[in-house]
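Residue strings, one per chain:
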Amino acid sequence: GAGVSQSPSNKVTEKGKDVELRCDPISGHTALYWYRQSLGQGLEFLIYFQGNSAPDKSGLPSDRFSAERTGGSVSTLTIQRTQQEDSAVYLCASSTRRTGGPTEAFFGQGTRLTVV
Amino acid sequence: GQQVMQIPQYQHVQEGEDFTTYCNSSTTLSNIQWYKQRPGGHPVFLIQLVKSGEVKKQKRLTFQFGEAKKNSSLHITATQTTDVGTYFCVNNNDMRFGAGTRLTVKP
């Protein structure tokens, strides 16, 4: 695809339910990041995948959060037993590592999650 | 990695005034990137700085990387309403974004 694609764009869920958020990175990008952004706040790092290496999960706020990246491409972020404080925009970004050039991250449009 | 600190958190200017945001790190950075997020949008890459003392310009935007590679700044000359948004700096090695600087411009 032309850019990073995230789905759904909006998700309203009841407290206690599980949700899955999907990210389709740019083809060929080995690095994939998940961030959470609450209203008017900065970007909170959640998790980082790089190629076949073990992911950096140090930003996941609790064990209710998990993420997978299958085949080095599509990633899903799963939030179990959602709480109201999980309401935020979840952003995915991908990038490629190459020598001598910028390695900018390209962001998707995000998934706005509302827990009611 | 260590998250870079950015100031100010908010800045409100009159259209035509200049604006500067600063990033500081307690450790030496190998590189730093700047992103802009428009209200309701997603972050978009602006530039990457790698060399000590590097200065890069994009029209009215001037980016600097400190000699010690521990700080960076973004300066906008003669702000316009299209400059509204949140500007983030980030260490490309860990991609931990901070709170950014939210710029509002009064026409």
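Preceding this paragraph is the structure being described.
Residues numbered from 1 in each chain as written. Chains lettered and ligands numbered in written order. Predicted model: local features only at pLDDT ≥ 70, side-chain atom pairs only at ≥ 80, totals over all residues. Heavy atoms only, no water.

## What about the pattern of salt bridges?
Working step 1: Summed over all chains, the structure comprises 7 salt bridges over all chains.
Working step 2: Among the salt bridges present, the one from A:Lys17 reaches A:Glu14, with a minimum N-O distance of 3.7 Å.
Working step 3: By relative accessible area, which is 48% here, A:Glu14 ends up partly exposed.
Working step 4: Here B:Arg96 ties to A:Asp56 by a salt bridge, and the two come within 3.2 Å at their closest N and O atoms. In this pair, B:Arg96 sits in the loop between strand E9 (85-90) and strand E10 (101-106) while A:Asp56 sits in the loop between strand E5 (44-50) and strand E6 (65-69), so the two residues belong to two different chains.
Working step 5: Overall, A:Asp56 belongs to the partly exposed group, its relative accessible area being 25%. (Salt bridge = Lys/Arg side-chain N within 4 Å of Asp/Glu carboxyl O. Buried < 20%, exposed > 50% of the residue type's maximum accessible area, 1.4 Å probe, protein only. Helix = DSSP H or I, 4+ residues; strand = E, 2+ residues; numbered from the N terminus.)

## Some thoughts on the state of the cysteines
Working step 1: Evaluated as defined, the whole model comprises 2 disulfides over all chains.
Working step 2: Across a sulfur-sulfur distance of 1.9 Å, A:Cys23 and A:Cys92 are joined as a disulfide pair. A torsion of -65° about the S-S bond marks the disulfide between A:Cys23 and A:Cys92 as left-handed. Linking A:Cys23 in strand E3 (residues 19-24) with A:Cys92 in strand E8 (residues 88-95), this pair joins segments that are 69 residues apart in sequence. In terms of burial, A:Cys23 and A:Cys92 fall into one category: buried.
Working step 3: Sulfur-sulfur distance for the disulfide between B:Cys23 and B:Cys89 comes to 1.6 Å. (Disulfide = S-S within 2.5 Å.)

## Remarks on the interface of chain B and chain A
One frequent convention defines the size of an interface as the accessible area lost when the parts assemble.
Working step 1: Listed as interface residues are 15 residues of chain B and, on the opposing side, 20 residues of chain A.
Working step 2: Approximately 1,500 Å² of surface area, both sides summed, lies buried where chain B meets chain A, with 49% of it carried by carbon and sulfur atoms.
Working step 3: Of all residues in chain B, B:His42, B:Met95 and B:Arg96 give up the largest surface area on contact with chain A, accounting jointly for 34% of the area buried on that side.
Working step 4: In this assembly, chain B and chain A are joined by 1 salt bridge. (Contact = heavy atoms within 4.5 Å. Buried area = accessible area lost by both parts, 1.4 Å probe.)

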